[in-house]
Amino acid sequence: QENEIKLLTAEIERLKNFGCLGVSLSLEGLRDENTKLKYRLNFLQKSLQEERSKMAKSMININSCLQEIFRAAIQAAYPDLENPPLVVTPSQQPKFGDYQCNSAMGITQILLKTKEQKVSPREIAEMIAKNIPVNECIEKVEIAGPGFINVHLRKDFVSKQLSSLLMNGVHPPAVGKRKKVVVDFSSPNIAKEMHVGHLRSTIIGESMCRLFEFAGYDVLRLNHLGDWGTQFGMLIAHLQDKFPDYLNVSPPIGDLQAFYKESKRRFDTEEEFKKRAYQCVVLLQSKNPDFIKAWELICDVSRKEFQKIYNCLDITLIERGESFYHEMMKDIVKEFEDKGFVQIDDGRKIIFVPGFPVPLTIMKSDGGYTYDTSDLAALKHRLCEEKADILIYVVDSGQSVHLQTVFAAGQMVGWYDPKVTRVAHAAFGVVLGEDKKKFKTRSGDTVRLIDLLEEGLKRAMDKLKDKERDKVLTAEELKAAQTSVAFGCIKYADLSHNRLNDYVFSFDKMLDDRGNTAAYLLYAFTRIRAIARLASIDEQMLQKAAREEVLILDHEKEWKLGKCILRFPEILQKILEDLLLHTLCDYLYELATTFTEFYDNCYCVEKDRQSGE
């Protein structure tokens, strides 16, 4: 931006000279061109100022700073090495300093392979240490063992960062150009209830959206509902039989799941009903108004049930189901045909994608489309119409091969370049019961999500009453605590496990206030707020102190807590890259326990025994 500002300023001067020199450029054209350039210059200067102001307020990623310092040191020590390994991690024990640079071992291997030089990692570490440039964050380095470089941070640097954090608030490091992220998550099927299998996609997807929004990205949250297809034929035929007046009187479908099961039973056992169901599909797909109305009625009943769950879990989504992409599917088939990728197999139109054994079926032998077609249409729309820079599908691991095939097909046909656009499958494992088998009810049915949430509310209230919270909280406060604990614990239990693994659902573990649970974090958070309340110190007073006084970090527990707080941007950077949210949970638990250690060793407030002040 700074370069462009220089160029534009020069260009404006050049245009002024055109006028002075009487060069044949119409006055009107000159004014127009000058105005455009000035407008662009103002815009750039303003956006550069905003960017600088953001960066000044942003937290510093200390790990990234250290990486830059060690990159420069390695380059100065070994200028001939191309892309040398750069490994900087927080130290696991205080005696090894605050961070460690472990690049020496890797460089030893490279020198041996490429230059046939045998140099010990310790010698390499010493060379790197000698070439560390002047910087504001490193107090000293020590070489330990076979070649680890232990880094000790400067206390005044950490103190300055903490004061800045207190004055400016928690701002993540600036992301540069505001990129667009599209997240596909939750995605239940119309006419079927949300079950425990939808829980993970919904919670993980919502959390990823919040993460990217917090980091400054433009996020589009999409709910890819299963709202189109042959199952609607049997549902509409059943609706006509049960509620013949459905066009005039809204049908009182109380239990859509039971309604779906009844229609499915009839479809499987009554030949006449089955024929009618197929006719209904044809009429629906040809946009017959009466059949569209029936379809909309069924979708609305489902929507209301889904929304109850989304309200409980505080989920925000834009609905864009399979029906949204229906009109695009014809063009998708044509595009793959025109580019010569389609083969005919027993009347079906299929695509083989290099590296994947199972082909995608984009048209059935009867001319109908498939899930493959709608997934390709959705992918294209998100890439080419929504212009996504990052596209994330939060879908269970079982869909991995299918999604990778769809992504590869999109790449093959030229919709995106993976070097420019990131298309990722954020896969997750299944929810298990305490018996380590798939989570089911006692009768062997899938657990309904609404029942699970209601059970969570009941368990949370029991826990609060055990702790006699009902005796000190008002009815309103008790209700707020109940929902915070119940839904917070259900979400956190999911997020604190590596999403790639299956996880065991246990209310007892979730609601335990010991260990890495939401209950413990809520307790730690409340304790911190209580200190501030008891000390009668508000945010303005803290900010004033941060501006006027130097934060002294003398006690080892103060030092440990200060460094732990400042690791937040590195954690954020890591989870934006690998989308593994349990890392953030681990960090928050570490922060809470580090705070507890600090609180137990360094008194923040004390009451006067006589006056109670």
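Residues numbered from 1 in each chain as written. Predicted model: local features only at pLDDT ≥ 70, side-chain atom pairs only at ≥ 80, totals over all residues. Heavy atoms only, no water.

Going by an unreviewed UniProt entry, the protein carries the name Arginine--tRNA ligase, cytoplasmic and comes from Mesitornis unicolor. Reading the Subcellular location (unreviewed entry) entry of the UniProt record for the protein gives the comment "Cytoplasm, Cytosol". Reading the Catalytic activity (unreviewed entry) entry of the UniProt record for the protein gives the comment "tRNA(Arg) + L-arginine + ATP = L-arginyl-tRNA(Arg) + AMP + diphosphate". (UniProt positions renumbered as here; feature names shortened; annotations may be inferred.)

**Student:** Outline the overall build of the protein, supporting the account with residue identities and numerical values.
**Tutor:** What the protein contains, in helices and strands, is 22 helices and 14 strands. Projecting the C-alpha coordinates of the protein onto the three principal axes gives extents of approximately 90 × 85 × 65 Å. Going through the 613 residues of the protein one by one, you find that 44% of them count as buried. The long-range share in the protein, meaning contacts at least 24 apart out of those at least 6 apart in sequence, stands at 71%. Side chains of the protein give 85 positive and 90 negative charges; the mean places of these two sets differ by 1 Å. (Helix = DSSP H or I, 4+ residues; strand = E, 2+ residues; numbered from the N terminus. Buried < 20%, exposed > 50% of the residue type's maximum accessible area, 1.4 Å probe, protein only. Contact = heavy atoms within 4.5 Å. Lys, Arg positive; Asp, Glu negative; His and termini not counted. Charge placed at Lys NZ, Arg CZ, Asp CG, Glu CD.)

**Student:** Run through the sheet that holds strand E1 (residues 88–90), naming residues and quoting values.
**Tutor:** Pairing is antiparallel in the open sheet, where 4 strands are placed in the order E1-E2-E4-E3. Both outer strands of the open sheet, E1 and strand E3 (138–144), are each paired with one neighbouring strand and no more. Between one strand and the next, the sheet's axes are offset by a mean angle of 25°, whatever the strand orientation. Bridge count between E3 and strand E4 (residues 148–153): 6 bridges; the pairing is antiparallel. When the bridges of E4 are listed, Val141 appears paired with Val151. (Pairing = 2+ DSSP bridges. Axes fitted to C-alpha atoms, helices over the stretch in contact; angles between N-to-C directions.)

**Student:** Describe a nonpolar patch on the surface, naming the residues involved and giving the relevant values.
**Tutor:** Where nonpolar side chains cluster on the molecular surface, the patch consists of Leu166, Ile537, Met541 and Leu542 and spans about 320 Å² of accessible area. Tracing the backbone through its elements, the reader meets Leu166 in helix H6 (residues 155–168). (Patch = residues over 30% accessible without salt bridge, like charges linked within 9 Å, V, L, I, M, F, W, Y side chains within 5 Å. Areas by Shrake-Rupley, 256 points an atom, 1.4 Å probe, with all protein chains shown as cover. Salt bridge = Lys/Arg side-chain N within 4 Å of Asp/Glu carboxyl O.)

**Student:** Would you mind going over the nonpolar core in detail, with residue names and values included?
**Tutor:** Membership of the largest hydrophobic core comes to 125 residues, with the highest contact counts inside it found for Leu66, Leu199, Phe212, Ile392, Val394, Leu452 and Phe505. Apart from residues no more than four positions distant in its own chain, Leu452 is found in contact with Val196, Leu199, Phe439, Val447, Ile490, Phe505 and Phe507. Counting 31 residues, the second-largest nonpolar core is a separate cluster that includes Met329, Met363, Tyr393 and Val406. (Core = buried A, V, L, I, M, F, W, Y, C linked by side-chain atoms within 4.5 Å.)

**Student:** Explain the domain arrangement of the protein to me, and be specific about the residues and the numbers.
**Tutor:** Domain boundaries in the protein define domain 1 (53–153), domain 2 (180–226 + 321–428) and domain 3 (230–315). Using only C-alpha atoms to locate each centre, domain 1 and domain 2 end up separated by 42 Å. (Domains from an automatic or database assignment.)

**Student:** Outline the UniProt feature "domain: Arginyl tRNA synthetase N-terminal" (unreviewed entry) in the protein, listing residues and values.
**Tutor:** In the numbering used here, UniProt assigns the feature "domain: Arginyl tRNA synthetase N-terminal" (unreviewed entry) to residues 64–153. What you have in residues 64–153 is 40% helix and 21% strand, and the ends, taken at the C-alpha atoms, are 14 Å apart.

**Student:** Give me the lowdown on the packing of helix H7 (residues 196–214) against helix H21 (residues 568–578), citing residues and values where you can.
**Tutor:** Each pair of packed helices gets described by two things: the angle between the helix axes and the distance between those axes. Between H7 and H21, the least distance of the axes is 11 Å, while the angle of their chain directions is 125°. The angle between H7 and H21 falls in the class oblique. As H7 packs across H21, the resulting crossing turns out to be left-handed. Facing H7, whose interface residues are Leu211, Phe212 and Phe214, H21 presents Phe568, Leu572, Ile575 and Leu576. Its residues assigned to classes, the contact of H7 with H21 shows 7 nonpolar, no polar and no charged. (Parallel < 35°, antiparallel > 145°, perpendicular 65-115°, else oblique. Left-handed = near helix turned anticlockwise from the far one by under 90°. Nonpolar A, V, L, I, M, F, W, Y, C, P; charged D, E, K, R; others polar.)

**Student:** Hey, could you go over the pattern of salt bridges for me, with residue numbers and the actual values?
**Tutor:** Think of it this way: side chains of opposite charge can pair up when their charged atoms draw near. Tallied over the full model, the rule gives 41 salt bridges. Measuring nitrogen to oxygen at the nearest pair gives 2.5 Å for the salt bridge that ties Glu68 to Arg71. One end of the pair is Glu68 and the other is Arg71, both in helix H3 (residues 62–77) and 3 residues apart, which spans about a single turn. Judged by its relative accessible area of 38%, Arg71 falls in the partly exposed class. A salt bridge links Glu335 to Lys380, with the nearest nitrogen and oxygen atoms 2.8 Å apart. You can see Glu335 sitting in helix H12 (residues 329–338) and its partner Lys380 sitting in helix H13 (residues 371–385), a full 45 residues away along the chain.

**Student:** With reference to specific residues and values, describe the side chain of His198.
**Tutor:** By the element assignment, His198 lies in helix H7. His198 sits in the buried class, given a relative accessible area of 12%. Among residues more than four places away in sequence, those in contact with His198 are Ser186, Ser187, Pro188, Glu193 and Leu449.

**Student:** Help me get a handle on the packing of aromatic side chains, residues and values and all.
**Tutor:** Applying the stated criterion across every chain yields a total of 15 aromatic pairs. An angle of 70° between the planes, with centres 5.8 Å apart, marks the rings of Phe267 and Tyr278 as edge-to-face. Taken as a pair, Phe267 in helix H9 (residues 256–269) and Tyr278 in helix H10 (residues 271–285) lie far apart in primary sequence, 11 residues in all. Given a relative accessible area of 16%, Phe267 falls into the buried group. The class for Tyr278 is partly exposed, based on a relative accessible area of 44%. With 5.6 Å between their ring centres and 70° between their planes, Tyr520 and Tyr589 make a pair best called edge-to-face. Of this pair, Tyr520 sits in helix H18 (residues 518–535) while Tyr589 sits in helix H22 (residues 582–601), placing them 69 residues apart in sequence. Taking relative accessible area as the criterion, Tyr520 reaches 11% and is therefore assigned buried. By way of ring pairs, the aromatic residues Phe214, Phe568 and Tyr587 are connected into one cluster. Between the NZ or CZ atom of Lys274 and the centre of the ring of Phe267, over which it lies, the distance is 5.4 Å. (Phe/Tyr/Trp six-rings, centres within 6.5 Å; stacked < 30°, edge-to-face > 60°. Lys NZ or Arg CZ within 6 Å of the ring centre and 35° of its normal.)

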